[in-house]
Amino acid sequence: MFLGKVVGSVVCTHKDESLSGLKLLVIQPMKDAEREAGKRVVAIDTIGVSGYGDLVYLAKSRESGLPLGLELVAADAGIMGIVDHYHTIKTGRGRI
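Residues numbered from 1 in each chain as written. Predicted model: local features only at pLDDT ≥ 70, side-chain atom pairs only at ≥ 80, totals over all residues. Heavy atoms only, no water.

Trainee: I would appreciate a short explanation of the overall build of the chain in the present structure.
Mentor: Helix and strand counts for the chain stand at zero helices and seven strands. For the chain, the α and β elements follow one another from N to C terminus as β-β-β-β-β-β-β. Of all intrachain contacts in the chain linking residues separated by at least 6 positions in sequence, the fraction that spans at least 24 positions is 52%. Just so you have it, the chain exposes about 6,600 Å², and 51% of that area is on carbon and sulfur atoms. (Helix = DSSP H or I, 4+ residues; strand = E, 2+ residues; numbered from the N terminus. Contact = heavy atoms within 4.5 Å. Areas by Shrake-Rupley, 256 points an atom, 1.4 Å probe, with all protein chains shown as cover.)

Trainee: Looking at this structure, I do not really get the nonpolar core. What am I missing?
Mentor: Proteins that are soluble and globular tend to have nonpolar side chains buried together. Counting nine residues, the largest nonpolar core is built from Phe2, Val6, Leu25, Ile27, Ala43, Val56, Leu58, Ala77 and Ile79. Those elements giving two or more residues to this core turn out to be strand S1 (2-10), strand S2 (24-30), strand S4 (55-60) and strand S5 (77-82). What Leu58 contacts, discounting residues up to four positions off in sequence, is Met1, Phe2, Leu3, Gly4, Ile27, Ala43, Ala77, Gly78, Ile79 and Met80. (Core = buried A, V, L, I, M, F, W, Y, C linked by side-chain atoms within 4.5 Å. Buried < 20%, exposed > 50% of the residue type's maximum accessible area, 1.4 Å probe, protein only.)

Trainee: Help me understand the environment of Ile79, please; the structure alone is not making it clear to me.
Mentor: Among the structural elements, Ile79 can be located in strand S5. Separated by 22 residues in sequence, Ile79 and Tyr57 have C-alpha atoms that sit 6.0 Å apart. Leave out the neighbours within four places in its chain, and Ile79 touches Leu25, Ile27, Ala43, Ile44, Asp45, Thr46, Ile47, Ser50, Val56, Tyr57 and Leu58.

Trainee: Can you help me understand a nonpolar patch on the surface in this one?
Mentor: Taken together, the side chains of Ile47, Val49 and Ile82 define a hydrophobic patch exposed on the protein surface, amounting to about 230 Å² of accessible area. Relative to the elements of secondary structure, Val49 occurs in the loop between strand S3 (41-45) and S4. (Patch = residues over 30% accessible without salt bridge, like charges linked within 9 Å, V, L, I, M, F, W, Y side chains within 5 Å. Salt bridge = Lys/Arg side-chain N within 4 Å of Asp/Glu carboxyl O.)

Trainee: How do you make sense of the sheet that holds S2 when you look at a structure like this?
Mentor: Each strand in a sheet pairs with another by means of backbone hydrogen bonds, the pair being arranged parallel or else antiparallel. Taken together, the five strands give a closed barrel; going around it, the order is S1-S2-S3-S5-S4, and neighbouring strands pair in mixed fashion. Each adjacent strand pair in this sheet contributes to an overall mean axis angle of 55°, direction not counted. (Pairing = 2+ DSSP bridges. Axes fitted to C-alpha atoms, helices over the stretch in contact; angles between N-to-C directions.)

Trainee: Would you mind showing me how to read the environment of Thr88 here?
Mentor: You can see Thr88 is positioned in the loop between S5 and strand S6 (90-91). Owing to a relative accessible area of 30%, Thr88 belongs among the partly exposed residues under this scheme. Separated by 56 residues in sequence, Thr88 and Asp32 have C-alpha atoms that sit 9.5 Å apart.

So this is what it looks like as structure tokens:
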């Protein structure tokens, strides 16, 4: 799983049948709420309520479609939830 911020949406006139009725959102992977980490990805909104500016947590690969109850979903990433709050602990070696 990884953190990301919703930075846009994707509109498709045609898409795979397994994605029917699902929102596709552009996600910027994040190290934390303020630092970006890598290239943007397109993810399915498996919870159906994610929107622009939300900090979300995602799963990659096959796990991306698990909340939908389908065996196979044509997606590389899926939103599993919206982050309301998180806390990190600083140690001598960095953050946990």
